[in-house]
Amino acid sequence: MLLYDFPDAYDLFYNESFQQSTRDFYSKFLLKKNLREVLDCTAGSGQMTIPLAQMGYSVTASDINRNMIRKARLNFVKLDLMANFVTSDILELEEKVKRTFDCVMSTGNSLAHVKNDQLEDAVRQMDSVLKPGGMLYIDSRNWDLILERRQRFYLFNPLIRDRGRVNFVQVWDYNTDGSMVFNFLVFEEIENKIVSKRQFYVIYYPFTVERLREILVSMNYRNIHFFKLGDPSVTDLSQIDWFAVTAEKPFPETDDNKKKKIKGGSK
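Rules used in this analysis
- Residues numbered from 1 in each chain as written.
- Predicted model: local features only at pLDDT ≥ 70, side-chain atom pairs only at ≥ 80, totals over all residues.
- Heavy atoms only, no water.
- Pairing = 2+ DSSP bridges.
- Helix = DSSP H or I, 4+ residues; strand = E, 2+ residues; numbered from the N terminus.
- Axes fitted to C-alpha atoms, helices over the stretch in contact; angles between N-to-C directions.
- Expected span 1.5 Å × (residues − 1).
- Buried < 20%, exposed > 50% of the residue type's maximum accessible area, 1.4 Å probe, protein only.
- Arc of directions from axis to C-beta.
- Contact = heavy atoms within 4.5 Å.
- Polar contact = N/O pair within 3.5 Å; in protein donor to acceptor, adjacent residues only side chain to side chain.

A. Examining the sheet that holds strand S5 (residues 130-141) more closely. One open sheet accounts for seven strands, arranged S3-S2-S1-S4-S5-S12-S11; its pairing is mixed. At either end of the open sheet lies a strand with only one pairing partner, and these are strand S3 (84-87) and strand S11 (222-228). Averaged over neighbouring strand pairs, the angle between their axes works out to 15° when direction is ignored. Bridging between S5 and strand S12 (residues 242-248) involves seven bridges; their strand directions are antiparallel. Residue pairing across strands places Leu136 opposite Ala247, the latter belonging to S12.

B. Seen up close, helix H4 (residues 66-78). Between its first and last C-alpha atoms H4 spans 19 Å; for 13 residues at 1.5 Å apiece the expected length is 18 Å, and the two agree. Among all positions in H4, only Met68, Ile69, Lys71, Ala72, Asn75 and Phe76 are buried. Around the axis of H4, the buried residues are gathered within 160° of arc, so they sit on the same side. Every exposed residue of H4 that faces more than 90 degrees away from the buried side is listed here: Arg66, Val77 and Lys78. Tucked into the core, H4 has its buried residues touching helix H1 (7-10), helix H3 (50-54), strand S2 (58-63) and S3. By the N-cap criterion, in which a side-chain oxygen at the helix start approaches the backbone nitrogen of a residue two or three places on, H4 is capped by Asn65, the distance to Asn67 being 2.8 Å. Asp80 occupies a position one or two residues after H4 and carries a positive phi of about 60°.

C. Molecular detail of the side chain of Ser140. Within the fold, Ser140 resides in strand S5. On the basis of relative accessibility, which here comes to 1%, the residue Ser140 falls in the buried class. Of the polar contacts made by the side chain of Ser140, one reaches the side chain of Trp143; its length is 3.3 Å. Apart from residues no more than four positions distant in its own chain, Ser140 is found in contact with Asn109, Phe207, Trp242 and Phe243.

D. Broad picture of the environment of Asp144. As for its placement among the helices and strands, Asp144 is situated in helix H7 (residues 143-149). Taking the relative accessible area as the measure of exposure, Asp144 reaches 31% and is therefore partly exposed. When sequence neighbours within four positions are dropped, the list of residues in contact with Asp144 reads Thr208 and Val209. At a separation of 2.9 Å, a polar atom in the side chain of Asp144 contacts the main-chain amide nitrogen of Val209.

E. The arrangement of unusual backbone geometry in detail. Of note in the backbone geometry, Asn109 takes a positive phi value of approximately 60° without being a glycine. On the secondary structure map, Asn109 appears in the loop between strand S4 (101-106) and helix H6 (119-128). In this structure, Asn220 is a non-glycine residue whose phi angle is positive, near 65°. Note on placement: Asn220 falls in the loop between helix H8 (209-218) and S11.

Next comes the structure, spelled out in structure tokens:
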């Protein structure tokens, strides 16, 4: 079963503590910027978008999966939060969203759902709905380290829920075509007894940090910063399992600026 077709199971990964830590993380780099309107174009059920609304941003959440968007609406309503919702593939943002934002984000390791030959198209679609001078944000697993280590099992810390807890195990399959399948094993436990066991999968297409950097540079983005998800002060990618990157979209060149460049080059 594809995990994203079961939003309730997906939401078992999250709790109030997660939202608080996400707000703390966002505040370390977003509050320094003059941003008001934010689009999370891979919002899923909204768990990484809700903190933005709680911080006072005007939020739009889009996702390709209608079930996840429905769940995101419910999650926002439960917390008495406002947002706009759009069902859209990241590769169709220009067509489906039809407006621009101060910040465009892809959260939750979602960019790797795009096949490698469409990676640049996805970033350019994000760019198409970002205002000049605005901030692009992407977070992702460090696929370079995953492919180097060839890790097979990944364990999450258990989450406390009601009277019991939820346990997660991932089993990673490395396919010959370069894609990966993450198998999710979810165990719900109450009073020391396992009351449910479910298995889901997600398909990813790993990309390198260098490839993402090349795309941003080719689009003339400025102030490109890679850092640890959760802690912007950590920037050594060889030690980071999950990173975030921020970059500023350039302003279009005016005729005056072009003339200055030509003059400067003729000296």
